[in-house]
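# Descriptive analysis of the structure
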Amino acid sequence: QVQLVESGGGLVLPGGSLRLSCAASGFTFSSYAMSWYRQGPGKERELVATISAGGSTNYVDSVKGRFTISRDNAKNTVYLQMNSLKAEDTAVYYCYAASQTDWGRRTYWGQGTQVTVSL
């Protein structure tokens with residue numbers, strides 16, 4: 001059974017940091033591109049960061065220089081290090097997997113974890 005289990009969300013102060021983790025199981029993690037999406041209150045879901053099976057990364061402009069996506073294939077885990085957090089980063093963050101061998105025909109979503117940046 002495929003699972004993407006997220007952890008690390010919570011309440012942080014503006015300017016603070018959080019590291020989100022997504023533990024994957026039930027598929028060949030190393031052959032999948034992994035992404036983090038988020039959906040803030042009253043906003044559409046947006047792609048935040050992606051890391052390919054080969055390790056190349058992409059970020060939405062609003063988080064460049066502040067967020068870092070990484071993966072540990074030995075642990076079947078993808079991370080999102082979030083620094084210098086702003087109130088506008090408040091959202092539910094979702095882990096997403098897409099197969100690269102068949103151009104994304106197989107995709108999986110995590111359950112989401114809440115990140116709240118507030119005083």
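Note: the structure precedes this text.
In short, a report on the structure. (Residues numbered from 1 in each chain as written. Predicted model: local features only at pLDDT ≥ 70, side-chain atom pairs only at ≥ 80, totals over all residues. Heavy atoms only, no water.)

## Comments concerning the environment of valine 5
Here valine 5 shows up in strand 1 (residues 3-7). Relative accessible area serves as the criterion here: at 42%, valine 5 is assigned to the partly exposed category. The spacing of valine 5 and serine 25 is 20 residues in sequence and 8.7 Å in space, taken between C-alpha atoms. (Helix = DSSP H or I, 4+ residues; strand = E, 2+ residues; numbered from the N terminus. Buried < 20%, exposed > 50% of the residue type's maximum accessible area, 1.4 Å probe, protein only.)

## Observations regarding the state of the cysteines
Taken as a whole and assessed by the stated rule, the structure comprises one disulfide. Sulfur-sulfur distance for the disulfide between cysteine 22 and cysteine 95 comes to 2.1 Å. A torsion of -85° about the S-S bond marks the disulfide between cysteine 22 and cysteine 95 as left-handed. Here cysteine 22, found in strand 3 (residues 18-25), pairs with cysteine 95, found in strand 9 (residues 91-99); they are 73 residues apart in sequence, far enough to count as distant. (Disulfide = S-S within 2.5 Å.)

## Re the pairing of strand 5 (residues 46-51)
In this sheet, strand 5 lies alongside strand 4 (residues 32-39) in antiparallel orientation, the contact comprising five bridges. Considered in strand 5, the bridge of tryptophan 36 is made with alanine 49. Connecting strand 4 to the antiparallel partner strand 5 that follows it, the hairpin turn spans six residues, and glycine 42 within it adopts a positive phi of roughly 70°. By the bridge criterion, three bridges tie strand 5 to strand 6 (residues 57-59) in an arrangement that is antiparallel. Each bridged residue has a counterpart across the sheet, and for isoleucine 51 the counterpart in strand 6 is threonine 57. Between the antiparallel neighbours strand 5 and strand 6 lie five residues, among them glycine 55 with a positive phi of about 100°. (Pairing = 2+ DSSP bridges.)

## Description of the packing of aromatic side chains
Summed over the entire model, instances satisfying the criterion amount to seven aromatic pairs. Judged by centre distance (5.4 Å) and plane angle (80°), the ring pair of tyrosine 37 and tyrosine 96 falls under edge-to-face. Of this pair, tyrosine 37 sits in strand 4 while tyrosine 96 is found in strand 9, placing the two residues 59 residues apart along the sequence. Aromatic rings pair up to connect Tyr37, Tyr94, Tyr96 and Trp109 into one cluster. The ring of tyrosine 37 has arginine 45 sitting right over it, with the charged end atom 5.3 Å from the ring centre. (Phe/Tyr/Trp six-rings, centres within 6.5 Å; stacked < 30°, edge-to-face > 60°. Lys NZ or Arg CZ within 6 Å of the ring centre and 35° of its normal.)

## Things to note about the pattern of salt bridges
One pass over the structure, following the stated rule, counts six salt bridges. By sharing partners, the salt bridges in this structure join Arg38, Glu46, Arg66 and Asp89 into a single network. (Salt bridge = Lys/Arg side-chain N within 4 Å of Asp/Glu carboxyl O.)

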